[in-house]
Amino acid sequence: MTDADRCKAMTAEFEGVYLDYSRQQATTETIDKLFKLAEAAKLKEKIDKMFKGEKINTTENRSVLHVALRAPRDAVINSDGVNVVPEVWAVKDKIKQFSETFRSGSWVGATGKPLTNVVSVGIGGSFLGPLFVHTALQTDPEAAEAAKGRQLRFLANVDPVDVARSIKDLDPATTLVVVVSKTFTTAETMLNARTIKEWIVSSLGPQAVSKHMIAVSTNLKLVKEFGIDPNNAFAFWDWVGGRYSVCSAVGVLPLSLQYGFPIVQKFLEGASSIDNHVHTSSFEKNIPVLLGLLSVWNVSFLGYPARAILPYCQALEKLAPHIQQLSMESNGKGVSIDGVRLPFEAGEIDFGEPGTNGQHSFYQLIHQGRVIPCDFIGVIKSQQPVYLKGETVSNHDELMSNFFAQPDALAYGKTPEQLHSEKVPENLIPHKTFQGNRPSLSFLLSSLSAYEIGQLLSIYEHRIAVQGFIWGINSFDQWGVELGKSLASTVRKQLHASRMEGKPVEGFNPSSASLLTRFLAVKPST
Ligand code: F6P
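Residues numbered from 1 in each chain as written. Predicted model: local features only at pLDDT ≥ 70, side-chain atom pairs only at ≥ 80, totals over all residues. Heavy atoms only, no water.

A. Here's a closer look at the side chain of Gln383. Of note, Gln383 is situated in the loop between strand E12 (374-379) and helix H16 (395-412). For Gln383, a relative accessible area of 12% corresponds to the buried category. Polar contacts involving the side chain of Gln383 include one to the main-chain carbonyl oxygen of Ala136, which spans 2.9 Å. Within the structure, the side chain of Gln383 is placed 2.8 Å from the backbone oxygen of Leu448, a separation counted as a polar contact. (Helix = DSSP H or I, 4+ residues; strand = E, 2+ residues; numbered from the N terminus. Buried < 20%, exposed > 50% of the residue type's maximum accessible area, 1.4 Å probe, protein only. Polar contact = N/O pair within 3.5 Å; in protein donor to acceptor, adjacent residues only side chain to side chain.)

Below you can see the structure in the form of structure tokens.
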């Protein structure tokens, strides 16, 4: 850290996004070797194939084209020989028009009132990305102004408690429900959608559905069968992975209803700027490539399986939950793309909290327990600056003091010698020693408006893809979620048979049988 040339070399900048990775356990020679690894893994070719719409998601025989969702209108991106960009813009134009009608008050509900509340029903990728962006925009002054008098809520968990929370104090007469599901078959989302439909119908009558429920899906046939007017359905495509779908109607529709399409378009432009950067920049300057390589370095070479995402920005509080899905569903794989068991562990364990909250929670472990590579994310200009007269610094500077201090605390640590010189009692020396040499990287964003939120999203999406390309896995399928789903359907059948027909619990191991019997012994109150 005292080598100024090394520190300077370990930075990259693009359009105001500044990355400092000098606190990684790496030299410039390490980075050169990682570039050689990238070459050996054919990283450039793999990125090109993705942008060309080749079917790199081989187990599902699909292109991976979330970049097309934010491409400019005149771009040409083919899937199956067809330019998908016009279709993408046709849906965006429909969203723009619909959201304008909705926000102007011309779209009225069954009782003639304009609708000001939106409940977005969806789970996983049909929830976490939109929630992240919504949370980040909420306190941006321009977005907040545009959203005045409106509410956007999410209903994800099939837990009826989540239903109760999401509709608490809402009037069905002024609420629009957006059912968001790529497949329109996800058990949780469909039960929640039926539950909310019942809430609307019991209050406003069956004819209200057409005015109070709309949908986003790739499966427009099932949308129609559910009873939603196909004119009020917004399409996307199988070449958009669920966890990469926030830039499709999945995110664009609910966010446009809340903030207006122009703000959401800025978010898409931010994401697109990074798409262009990852596709065209040399690896030395390529932020997502550098990040992806460093993650592989930490996980596969240094053996650090986790990563903490630590935004010093409350508006980014839902970044870590989104990245958990994006990263762990993408790269949590045990075999190579060719189906050969990996001779190393791929994927990483992602978790995080905004600073400074995390400091008062799990940083103890990061400083003195396990080594967890950290992503520190700071913003130069606060969305909501406050300066109290007489205080030493503004509130944002107070926050950022921590942002600048923590990476050095991790990097340098504190030695027994330092503690001795501070006259720390002998018995406390081991407890107060910090080993140091703990890796982190720091991002500094110029501000956090819709554009930078899009950039940040796209940086993480591409970083995760880069990691998968280097590990040689398929980052775009998710077979690992299937087994639990199918076992749940066996349990569902048993619960039905026991509750409705008094059948005993059968066909389960002794542990599950006891648990189920205990559960079934108590009659539900409704
Ligand atoms: O958890 C599995 C998964 O398929 C995710 O990949 C996806 O984002 C989520 O379920 C929701 O799926 P859908 O949008 O089809 O309801």
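B. Molecular detail of H16. The terminal C-alpha atoms of H16 lie 26 Å apart, and with 18 residues this matches the ideal 26 Å at 1.5 Å per residue to within 8%. At Ala405, H16 shows its largest kink, close to 25 degrees, and the proline Pro407 lies no more than four residues downstream. Buried within H16 are the following residues: His396, Leu399, Met400, Asn402, Phe403, Gln406, Pro407, Leu410 and Ala411. On its buried face, H16 is in contact with helix H15 (363-368), E12 and strand E13 (440-445). (Expected span 1.5 Å × (residues − 1). Bend = angle between axes of the 7 residues up to and from the residue. Contact = heavy atoms within 4.5 Å.)

C. Quick look at the pattern of salt bridges. Applying the stated criterion to the full structure yields 22 salt bridges. Residue Lys503 is joined to Glu501 by a salt bridge in which the shortest nitrogen-to-oxygen separation is 3.0 Å. Overlapping salt bridges, with partners in common, bring together Asp20, Arg23 and Asp408 in one network. (Salt bridge = Lys/Arg side-chain N within 4 Å of Asp/Glu carboxyl O.)

D. Seen up close, the site of the ligand. Surveying the vicinity of the ligand reveals 13 residues, the closest of which are Ser126, Ser181, Thr183, Thr186 and Glu329. At 2.6 Å, a side-chain N or O of Ser181 approaches an oxygen atom of the ligand. Thr183 places a polar side-chain atom, nitrogen or oxygen, 2.6 Å from an oxygen atom of the ligand. Here the ligand has 400 Å² of accessible area as a free molecule, and 86% of this is covered by the chains. If you map the ligand onto the pockets, it falls in the largest pocket. Class assignment of the residues belonging to the shell around the ligand gives a composition of two nonpolar, nine polar and two charged. (Near = heavy atom within 4 Å. Areas by Shrake-Rupley, 256 points an atom, 1.4 Å probe, with all protein chains shown as cover. 1 Å grid on protein atoms, 1.4 Å probe; cavity = no way out; pocket = protein on both sides within 12 Å on 5 of 7 lines; lining within 4 Å. Sits in = over half its atoms within 2 Å of the grid points. Nonpolar A, V, L, I, M, F, W, Y, C, P; charged D, E, K, R; others polar.)

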